[in-house]
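# Coordinate analysis (summary)
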Amino acid sequence: LDYETKTHSIKVNGLVKKTETFYIKQTFTSEIVKVHKNAKIVIPKLTDFSKKNNLYTNGKPFIIYHTYNIKQGLAKVSICLPINKEISISAGSDILAGKLNGFEAVKTTLNGDYAYISEAILKSNAFIDNEKILPELSWSHLEVLLTGKLDVKSPSKFISELYFPVKPKVIPV
């Protein structure tokens, strides 16, 4: 058990371009420590919704952190399931549709338990500062759950990719 929870690695991959993605989501404010527990409940609901409505998933579930307030321990999040096309959902549904526009980001890969997310965020922010990259502050970050609690039981095998939006570099003419 000790091995499973302590084995981890964090790699700041650097600048990447994230492509446009259509998705279905549930949005709410959560205690930061409960985000992954909530994801474990919401993702199966989104998967059922997509099956019932003949939608095809187009990648792994992800979490958009609209806000991430460490002092209050709260984050406004959208737990999302990528789908292959843009859709409209009738009013009154607790599941909504959205589109994530393509963006430039600093990507960080965490192999291991979610408990190390805060360490991955610190390393990403340090990279952004050291490289003098301008963060895009309209939202916090994106977390793609490549392999998680719904896929494997061993926390040491979890893989999360974090994307921190940045302002595109302006090349002087």
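Here, every reference points to the structure presented above.
Residues numbered from 1 in each chain as written. Predicted model: local features only at pLDDT ≥ 70, side-chain atom pairs only at ≥ 80, totals over all residues. Heavy atoms only, no water.

Taken as a whole, the largest pocket encloses approximately 380 Å³ of empty space. Lining of the largest pocket is provided by 18 residues; of these, Ile 121, Asn 125, Ser 140, His 141 and Phe 164 occupy positions nearest its centre. Every element with two or more residues in the lining of the largest pocket is listed here: strand 3 (62-69), helix 3 (117-130) and strand 8 (159-165). Classifying every residue of the lining of the largest pocket by side-chain character gives ten nonpolar, six polar and two charged. As for the second largest pocket, its lining consists of 13 residues, of which Ile 32, Val 33, His 36, Tyr 114 and Ala 115 are closest to the centre. Elements supplying a minimum of two residues to the lining of the second largest pocket: helix 2 (35-52), strand 3 and helix 3. (1 Å grid on protein atoms, 1.4 Å probe; cavity = no way out; pocket = protein on both sides within 12 Å on 5 of 7 lines; lining within 4 Å. Points joined across faces, edges and corners; volume = space filled by probe spheres on them. Helix = DSSP H or I, 4+ residues; strand = E, 2+ residues; numbered from the N terminus. Nonpolar A, V, L, I, M, F, W, Y, C, P; charged D, E, K, R; others polar.)

Going through the model one piece at a time under the given rule, you end up with six salt bridges. Between Lys 34 and Glu 31 there is a salt bridge whose closest N-O contact spans 3.5 Å. According to the relative accessible area criterion, Glu 31 is partly exposed, its value standing at 39%. Of the charged contacts in the structure, one is a salt bridge between Lys 107 and Glu 161, with a shortest N-O distance of 3.3 Å. (Salt bridge = Lys/Arg side-chain N within 4 Å of Asp/Glu carboxyl O. Buried < 20%, exposed > 50% of the residue type's maximum accessible area, 1.4 Å probe, protein only.)

Here we take up the side chain of Thr 108. Along the polypeptide, Thr 108 turns up in strand 6 (residues 103-112). Here Ser 124 takes part through its side chain, which lies 2.5 Å from a polar atom of the side chain of Thr 108. When residues no more than four places from it in sequence are discounted, the contact partners of Thr 108 are Ile 10, Lys 11, Val 12, Asn 13, Ala 120, Ser 124, Ser 160, Glu 161, Leu 162 and Phe 164. (Polar contact = N/O pair within 3.5 Å; in protein donor to acceptor, adjacent residues only side chain to side chain. Contact = heavy atoms within 4.5 Å.)

All right, on to the sheet that holds strand 6 then. Read across the open sheet, the eight strands follow the order 1-6-8-7-3-4-2-5; overall the sheet is antiparallel. Where the open sheet ends on each side, the last strands, each with one partner, are strand 1 (8-18) and strand 5 (96-100). Across the sheet, the mean angle from the axis of one strand to that of its neighbour is 30°, orientation sign disregarded. In the sheet, strand 3 pairs with strand 7 (residues 141-147) via four bridges, with the strands oriented antiparallel. Counterpart to Phe 62 in the pairing with strand 7 is Val 144. Each of strand 2 (21-31), strand 3, strand 4 (74-83) and strand 7 touches helix 2; the most contacted strand, strand 2, lies at about 145° to it. (Pairing = 2+ DSSP bridges. Axes fitted to C-alpha atoms, helices over the stretch in contact; angles between N-to-C directions.)

Ile 24, Leu 46, Ile 63, Val 77 and Ile 79 are the most contacted members of the largest nonpolar core, which totals 33 residues. When residues of this core are traced back to their parent elements, those giving at least two are strand 2, helix 2, strand 3, strand 4, strand 6, helix 3 and strand 8. Top element by residues in this core is helix 2. It accounts for six residues. Setting aside residues no more than four positions away along its own chain, Ile 63 makes contact with Val 35, His 36, Ala 39, Val 77, Ser 78, Ile 79, His 141, Leu 142, Glu 143 and Leu 145. The next biggest cluster of nonpolar side chains, apart from the first, holds eleven residues, and it includes Tyr 23, Phe 62, Cys 80 and Leu 142. (Core = buried A, V, L, I, M, F, W, Y, C linked by side-chain atoms within 4.5 Å.)

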